[in-house]
Amino acid sequence: MIKKGLWAVIAVMLAFVIFDFVAGLNREQEVREQASVQNEMGVQEELDAEMDLEDMSEEEIEALMYELAAQNSENETGSMVEFGLNPGNTAYDFQLEDMDGNTVQLSDYRGQKVFLNFWASWCPPCRVEMPHLQEFHEEQDDVVVLGVNVISSESNPENVPVFVEEFGLTFTNVYAPTDITDLYRVESLPTSYFIGSNGVIYERVVGPVTKDILEAKFSMIE
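As a starting point, this report considers the structure included with it. (Residues numbered from 1 in each chain as written. Predicted model: local features only at pLDDT ≥ 70, side-chain atom pairs only at ≥ 80, totals over all residues. Heavy atoms only, no water.)

**As for the nonpolar core**
Right, so step 1: Leu 116, Phe 118, Leu 146 and Tyr 184 are the most contacted members of the largest nonpolar core, which has 46 residues in total.
Right, so step 2: The biggest single contributor to this core is strand S4 (residues 143-150), with 6 residues.
Right, so step 3: Here Tyr 184 is in contact with Leu 85, Ala 91, Tyr 92, Phe 94, Leu 106, Leu 116, Phe 118, Tyr 193 and Arg 204, once residues within four sequence places are set aside. (Core = buried A, V, L, I, M, F, W, Y, C linked by side-chain atoms within 4.5 Å. Buried < 20%, exposed > 50% of the residue type's maximum accessible area, 1.4 Å probe, protein only. Helix = DSSP H or I, 4+ residues; strand = E, 2+ residues; numbered from the N terminus. Contact = heavy atoms within 4.5 Å.)

Put into structure tokens, the structure is as follows:
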């Protein structure tokens, strides 16, 4: 009986793990679909701003939309952009609020290198690396340090501004809802991305980094 009960517990735990994994994949797919819809809306808005559609045939409109979509999906080298989280992929764009309620969009930093860092106030490794991030930020002109607080993991939201003040952080920090952390596959903290000036990911790092590592990595990134 004891063995049967143990196997039953293991079966329930396994079922829960599988359910949670599938649910995470579904959330990620939903966010990607929303991003795709937003991109199509952006193409339509750009098209509306360019000309009066009433004077065009359906074929001409379709051809123009295809051309605009292709233009919006090309990087500086002319190849098609592939969004993702692997090196060589363009980082997913997002709009999040900073600590003062201002909207921050990742693509606004296009033309600058970005160190995208997901953190939480309770995370010991995050506390270890924060002085390094702040010092690196103070010494850099061509690299943006963008902190992303995983607000869903905080036991008390008030801990976030206290953390920022404690370490004297002057670089931008934003709040990330679950859909963004799922999209960026933030499973351990800190999780960071080295992003080039063209928006392309060069490396994903799980764990704390130092100022020396940041300087060495970004010296090899365009």
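Moving on, there is more to tell.
**Describing the sheet that holds strand S7 (residues 201-206)**
Right, so step 1: One open sheet holds the 5 strands; their spatial order is S5-S4-S3-S6-S7, and the pairing between them is mixed. In this open sheet, the two edge strands, each paired with only one partner strand, are strand S5 (173-176) and S7. Along the sheet, successive strands turn relative to each other by an average axial angle of 20 degrees, direction set aside.
Right, so step 2: Sheet topology note: the strand S3 (residues 113-119)/S4 ladder contains 7 bridges and is parallel. Opposite Trp 119, over in S4, you have Asn 149 as the bridge partner.
Right, so step 3: Along the sheet, helix H3 (residues 124-139) makes contact with S3 and S4, crossing S3 at roughly 155 degrees.
Right, so step 4: Where helix H4 (residues 159-166) meets the sheet, its contacts fall on S3, S4 and S5, and the angle it forms with S3 comes to roughly 125 degrees. (Pairing = 2+ DSSP bridges. Axes fitted to C-alpha atoms, helices over the stretch in contact; angles between N-to-C directions.)

**Some words on the packing of H3 against helix H6 (residues 211-218)**
Right, so step 1: Where H3 contacts H6, the axes come no closer than 8 Å and their chain directions differ by 45 degrees. Judged by the inter-axis angle, H3 sits oblique to H6. On the side of H3, the interface is formed by His 132, Leu 133, Glu 135, Phe 136 and Glu 139, while H6 contributes Lys 211, Leu 214, Glu 215 and Phe 218.
Right, so step 2: Residue classes in the contact of H3 with H6 are distributed as 4 nonpolar, 1 polar and 4 charged. (Parallel < 35°, antiparallel > 145°, perpendicular 65-115°, else oblique. Nonpolar A, V, L, I, M, F, W, Y, C, P; charged D, E, K, R; others polar.)

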